Amino acid sequence: MPKIDDIEFTPNPNAKRFILKEPLTLGVVRSYDEPAQASDDPLASALFTNPAVRSVYYVGKYLTVTQDGSVKWPELERELAVPIRATSAADVQAMHRVAEASKISHLSDDDQARLRIIEALLDDKVRPALMMDGGGLEVVSLAGNRLEIHYQGACGTCPSSLSGTLGGIEGLLKTIEPDIQLVAV
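Every chain begins its residue count from 1, and numbering advances along the sequence as written. With pLDDT at 70 or above as the cut-off, local features in this predicted model cover only qualifying residues; side-chain atom pairs require 80 or more to be listed or tallied, and sums for whole chains, interfaces and linings still use all residues. In computing side-chain properties, one takes all heavy atoms of the structure into account and sets aside hydrogens as well as water.

**With respect to the pairing of strand E4 (residues 53-59)**
Here is step 1: Only protein chains enter the calculation, and the probe is 1.4 Å; a residue is then buried if its accessible area is under 20% of its type maximum, exposed if over 50%, and partly exposed in between. Every helix listed is a DSSP run of H or I at least four residues long, and every strand listed is a run of E at least two residues long, numbered separately from the N terminus. For E4, the tally of buried residues reaches 6 of 7 residues, placing the bulk of the element in the interior.
Here is step 2: For two strands to count as paired, DSSP must find a minimum of two bridges between them. As paired strands, strand E3 (residues 30-32) and E4 are joined by 3 bridges and run antiparallel to one another. Bridge assignment links Tyr 32 to a residue of E4, and that residue is Val 56.
Here is step 3: Inspection of the sheet shows E4 paired to strand E5 (residues 62-67) by 6 bridges, in the antiparallel sense. Directly across from Val 59, in E5, lies its bridge partner Tyr 62.
Here is step 4: Two successive antiparallel strands, E4 and E5, enclose a turn made up of 2 residues, where Gly 60 displays a positive phi of approximately 60°.

Structure follows, in structure tokens:
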């Protein structure tokens, strides 16, 4: 039964980050932008039963919920705490066992090598900062010099994601691949 250690604001006013005392996953990111995506995830499905919830993102001991702005946060926090605390030890163990398969397995060996370098840079320089703000990003595709990413959690609906953050990430990636074009999808 996860216990909530703290609840933090994020730069996105419609997202809050719940910090738990125990991790829900061991490095595996769970990100859902709609209830249908969460059908096999008991925790995310339970959170989506609240009609104000728009996305659920979690990794390790950090869980971010984004809402539509129709409910004041103190009320919503109390409602969301119930399914978070109700997550059973068996649910947590099942989440620990799940491994995330690569969604970009069709790439050539050369492009797989490029992607590993890109992912390492994102893991080192970008994802920790996004995680501190209650979000993350997933690489969706790499085709030639076009890299498509999908923002997760609080970053998914944050106005600064598509303006400053996207440009900053692209600039960082250009240090290793000068011709890369970054697109948020």
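Next comes the rest of the description.
**Here's the deal with the side chain of Thr 25**
Here is step 1: By the secondary structure assignment, Thr 25 is in the loop between strand E2 (15-20) and E3.
Here is step 2: A 3.5 Å cut-off defines polar contacts: any pair of N or O atoms within that distance qualifies, except that in protein one atom must be a possible hydrogen donor and the other a possible acceptor, and neighbouring residues in sequence count only when both atoms are side-chain atoms. Within polar-contact distance, the side chain of Thr 25 engages the backbone nitrogen of Gly 60 at 3.0 Å.

**Focus on the pattern of salt bridges**
Here is step 1: What makes a salt bridge here is a side-chain nitrogen of Lys or Arg within 4 Å of a carboxyl oxygen of Asp or Glu, nothing more. Tallying each qualifying case throughout the model produces 10 salt bridges.
Here is step 2: For Asp 68, the salt bridge goes to Arg 54, with nearest N and O atoms at 3.1 Å. Taken together, the residues span a long stretch of sequence, with Asp 68 in the loop between E5 and helix H2 (73-86) and Arg 54 in strand E4 at a distance of 14 residues.
Here is step 3: For Asp 68, a relative accessible area of 32% translates into the label partly exposed.
Here is step 4: What makes Arg 54 partly exposed here is its relative accessible area of 41%.
Here is step 5: The salt bridge partner of Asp 123 is Arg 127, with a shortest N-O separation of 2.5 Å. Of this pair, Asp 123 and Arg 127 both sit in helix H4 (residues 109-132), 4 residues apart, roughly one helical turn.
Here is step 6: Under the relative-accessibility criterion, Arg 127 is labelled buried at 17%.
Here is step 7: Salt bridges here are not isolated pairs; linked through shared partners, they connect Asp 111, Arg 114 and Glu 177.

**Observations regarding the packing of aromatic side chains**
Here is step 1: Aromatic contacts are taken between Phe, Tyr and Trp rings whose centres are within 6.5 Å, Trp giving its six-membered ring; a plane angle under 30 degrees counts as stacked, one over 60 as edge-to-face, and the others as tilted. Summed over the entire model, instances satisfying the criterion amount to 0 aromatic pairs.
Here is step 2: In this scheme, Lys NZ or Arg CZ marks a charge over a ring once it lies within 6 Å of the ring centre and within 35 degrees of the ring normal. Positioned above the aromatic ring of Phe 9 is the side chain of Lys 16, whose terminal nitrogen or guanidinium carbon lies 4.0 Å from the ring centre.

**Quick notes on the nonpolar core**
Here is step 1: Among buried residues, the Ala, Val, Leu, Ile, Met, Phe, Trp, Tyr and Cys ones that are joined through side-chain atoms within 4.5 Å form a nonpolar core. Grouped together as the largest cluster of nonpolar side chains are 22 residues, with contacts concentrated most on Phe 18, Leu 47, Val 56, Leu 63, Leu 80 and Ile 84.
Here is step 2: Contributions of two or more residues to this core are made by E2, helix H1 (42-48), E4, E5 and H2.
Here is step 3: Contact definition: two residues touch when any of their heavy atoms are within 4.5 Å. Setting aside chain neighbours within four positions, we find Leu 63 in contact with Lys 16, Arg 17, Phe 18, Leu 24, Leu 43, Leu 47, Tyr 57, Tyr 58 and Ile 84.
Here is step 4: One finds Leu 107, Leu 147, Ile 149 and Cys 155 within the second-largest nonpolar core, a separate group that totals 19 residues.

**Thoughts on H4**
Here is step 1: Expected helix span is given by 1.5 Å per residue-to-residue step, counting one fewer step than there are residues. When the terminal C-alpha atoms of H4 are compared, their 33 Å separation across 24 residues agrees well with the 34 Å that a helix rising 1.5 Å per residue should span.
Here is step 2: The angle between axes fitted to the seven-residue stretch ending at a residue and the seven-residue stretch beginning at it gives the bend at that residue. When the local axis directions of H4 are compared, the greatest deviation, roughly 45°, occurs at Asp 123.
Here is step 3: What H4 keeps buried is the set Asp 111, Gln 112, Arg 114, Leu 115, Ile 118, Leu 121, Leu 122, Val 126, Arg 127 and Leu 130.
Here is step 4: The secondary structure elements touched by the buried residues of H4 are strand E6 (135-143), strand E7 (146-153) and helix H5 (159-173).

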